[in-house]
Amino acid sequence: MDGRLAAAPEGPTIAPGAPEAGAPQRDLRELVGELRRIVGDEWVYTQEHQLRTYESDGLLQYHAIPAAAVLPGTAEEVRDVVRACARAEVPFVARGAGSGLSGGALPVEDGVLLVLSRMKRILDIDLENGRVCVEPGVTNASVTAAVAPGYFYPPDPSSQIVCSIGGNVAENSGGAHCFKYGFTTNYVTGLELVFPDGEMVQVGGYELDPPGYDLLGAFVGSEGTLGVATKVWLRVVPAPETVRTLVAFFDSTHQAGETVSEIVQGGVVPGAIEMMDAKAIEAAEQAAKAGFPMRGAALLVELDGSERECEARFEQISAICERHGSDDVRVARDEDERQRFWKARKAAFAAMGRISPNYFVQDGVIPRTKLPEVLDRIAALSDEYGLVVANVFHAGDGNLHPLVCYDGSVEGEAERAEELSGLILEACLDAGGSITGEHGVGVDKKKHMPKMFGEADLDAFQRLRCAFDPAGLANPGKVMPTPRLCGEVPGPYRQHPLEAAGLADRF
Amino acid sequence: MTVEEAAAEIRERDAVRPRGGGTKLGWSPRGDDAVDFETRGLNRVLEHNEGDFTAVLEAGVPLAEAQAHFGRAGQMLAIDPPLGEGDAATIGGVMATNDAGPLRHRYGGMRDLVVGVTVVLSDGTVAKSGGQVIKNVAGYDLAKLFTGSYGTLGLIARVAVRLHPAPERTATLVAESDDAAALGRAAVALAALPLEADCLDVDWEGDRGRLAVRFGGTTAADRAREAERHVSLGGTRVEEDDHELWAQQRARQRSRDGVVVKVAGRPTDLPAVIRAAGSASVVSRAGLGVSYVAGADVATLREALAPRHCTVLDGADRVPDPWPAVDPGALKVMERIKARFDPERTFRPGAFVGGL
């Protein structure tokens, strides 16, 4: 992941829709002065050595230095900062923990970076109604920690120790348990939002079904392009009565894939089903030392829920694994062993660094039944390019994370790895899938958007974006493949305040 | 009819009210001059990918028909709103009105089950969002935006949904009481337990109410009996033949000639909702805090339960203001959404919240 491309493909761009984009560096001294008045001198960074910290998110091949980084401490400060940016027509990018993997929090050069890491208070816990209210900088793991042991917050991205709820809201984060439990969007019941013009509103809260259009549904997963969330109300759920976990080893991913199909086909919705291929097992084992044998595939299946239902289903699942050729099914005997299984799975990404100098993490989705044919195609591509591809999947929901290995010190290899990575996405699309299951589009995948969506679809997306952000100031250059202008708001005529005051005319 | 033909027809229209089975026509004012656009021609189940637990349906497919189709494979679309006269409610209509039934307790509403949508806008644009896979974060989620938009942004033409295994067996734990506060406490206590129940309802009529908790799966009856020990009310029983009971719960959400108000509250609000309902009947998704009150005076209910949002469903075309008040800042953005998606105000102008 640390292979930095000298010239980032489709690198950081500022949408021409953003005022002054492409213009020579603007003098932002006045704006910076205002930001200092809003948050205090010590929370505005403008020195290059300070700003370097924020030049990339979790996707290091993209980097850009903003004009200023601002660290507001309250929702009101966020509102005032956004308002000041709107007035000065300067683009801004909100950033949580910066652990995203699509360059969604990549700063805009000459823009303002709004860093929300100071806002990490848990504001309310109401277990009777199954809700918590938190600030956006609170980490994902600390939500569960705050409501444990009786309750938990299901979305659990692998970065959950560091990633923030604000970032999860922006990316609609998933995780290993979302096949059963759903994604961030299924857990957000309210948001306090600052729209890109600086208007602040609360949508929803503790209750479901706020009146009007589903602004929560539109906002969650909008990758920071519709505004900034300053408070988040989340649904938390009772922790399962019991959790049963097993790892089964197979000679091939084919066998493991068929096992997944039969488990799900049989009416079981496991809490998690994760698959690793031989290369991923090798890397994970080196890092986590869970005692995994070097086999063709490993399948981690976790059942959670009522004691009775789990008991009945667990036998069934072990039998299915054996029927599909697994001669090595290991059941976690206690929480320690379960944690070891999971550590091996979650270490798989970082562990690739032990078997390859550099790698790209891909994030594609396919219909689960297409798993065998897509794996074959990935293997063929890997051979053709002479690059190792290790595979880690959330197998239940068909979310693949192929890790494309390369050596950045070899001339041209990073570019070839990038190309291979793109072809894997095309294989996912050909199978009827998606270019991203949980990492988001950001800057990294916007070039792939036209492969998944037609012009009319992108135009409909743009309508939504323009409704929230007609000036194009919120995280410009992300999600949409080509920069677009919003143009006038069509629709019924409304008198402009300047007209009403007799100061301007409309022709 | 194809979606493209529907688009060509809509492009020529000045005013459109999308209409599916026509079972919820009274749920909002008609909209100035709007002429019905019937989706009955869009009635095909386009795909049912059994192995993937997904399906693609045209908007005019009756939900009952879709369920029968999925049921043959032991699957279901996990939403069970009342289907109206002749079981005519369509998938598009249920989505447009954000209707749901008791299963919402476990599976959420349409917004949580739809993975992709194709819509027709007033200029004839056919646009899609999402896809056909259950996990996908590419692009904006227009499916959620159109869910509950009451046909005011455009026509929902095609819907891709996630399916779930249908439970082999169900069983329901029932408890009765004449003490609304005790019922409320019992429901909140059950909601805090990891029961993995499919449904959790409380209903109230006259001076008595009952709590009903439904379990699904091979061990449903055992789990229902086990849950009995967590209920501190007298007169509990387990019903294994529970289909009629839940059909009743759904029926309580509707009224042929009266007014039904949906109260979006918190689980702990339930006793207050029952009190405010007076002699009206209440059915509540007790773990969600969403209640349906049939036959109440709207103004009295709103006053007693403020600031909770009260939306009139049945009878909305007969009361002065069926919609709750919206935050003015949020309304501004909604107006801009309406203006971007439906600039000519073709789709049911003025029929939705805040005059949208």
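Parameters at a glance
- Residues numbered from 1 in each chain as written.
- Chains lettered and ligands numbered in written order.
- Predicted model: local features only at pLDDT ≥ 70, side-chain atom pairs only at ≥ 80, totals over all residues.
- Helix = DSSP H or I, 4+ residues; strand = E, 2+ residues; numbered from the N terminus.
- Rg over C-alpha atoms; globule rule 2.2 N^0.38 Å.
- Contact = placed C-beta atoms within 7 Å.
- Domains from an automatic or database assignment.
- Nonpolar A, V, L, I, M, F, W, Y, C, P; charged D, E, K, R; others polar.
- Axes fitted to C-alpha atoms, helices over the stretch in contact; angles between N-to-C directions.
- Left-handed = near helix turned anticlockwise from the far one by under 90°.
- Pairing = 2+ DSSP bridges.

Let us now look at the overall build of chain B. Across its full length, chain B holds 12 helices and 17 strands. For 356 residues, the compact-globule estimate of 2.2 N^0.38 gives 21 Å, and the C-alpha radius of gyration of chain B, at 20 Å, lies within 12% of that figure. Overall size of chain B, expressed as C-alpha extent along the three principal axes, is 60 × 50 × 35 Å. Once local pairs closer than 6 in sequence are excluded, the contacts in chain B between residues at least 24 apart make up 69%.

All names here are of chain B. Here chain B is described as being made up of domain 1 (3-165) and domain 2 (170-318). A C-alpha centroid distance of 27 Å is found between domain 1 and domain 2. Residue-level contacts link 14 residues of domain 1 with 20 residues of domain 2. Considering only residue class, the side of domain 1 that touches domain 2 consists of six nonpolar, four polar and four charged.

With that out of the way, let us pick up the packing of helix 8 (residues 253-265) of chain A against helix 10 (residues 307-323) of chain A. All names here are of chain A. Their axes nearest at 9 Å, the elements helix 8 and helix 10 cross at an angle of 150 degrees. Between helix 8 and helix 10 the crossing geometry is right-handed. The segment helix 8 lies against helix 10, with Thr 259, Glu 262 and Ile 263 engaging Ile 317, Ile 320 and Cys 321.

Here the focus is the interface of chain B and chain A. At the junction of the two partners, chain B supplies 73 residues and chain A supplies 78 residues. For the side of chain B that touches chain A, the leading source of residues is helix 12 (residues 328-341) of chain B, giving 10 residues.

Right, let's talk about the environment of A:Met452 for a bit. Within the secondary structure layout, A:Met452 lies in helix 15 (residues 449-452). A:Met452 sits 221 residues away from A:Lys231 along the chain, and the two C-alpha atoms are 33 Å apart. Sequence-distant contacts of A:Met452, defined by excluding residues within four places in its chain, comprise A:Leu429, A:Ser434, A:Ile435 and B:Ala138.

For the rest of this paragraph, the subject is the sheet that holds strand 8 (residues 155-162) of chain B. All names here are of chain B. Pairing in this open sheet of five strands is antiparallel, and the strands run 3-4-8-6-7 from one edge to the other. Each edge of the open sheet carries a strand with a single partner, namely strand 3 (45-49) and strand 7 (126-130). Within the sheet, the average angular offset between the axes of one strand and its neighbour, ignoring direction, is 10 degrees. As paired elements, strand 6 (residues 114-120) and strand 8 share six bridges and run antiparallel to each other. The residue bridging Thr 118 from the neighbouring strand is Arg 158, located in strand 8.

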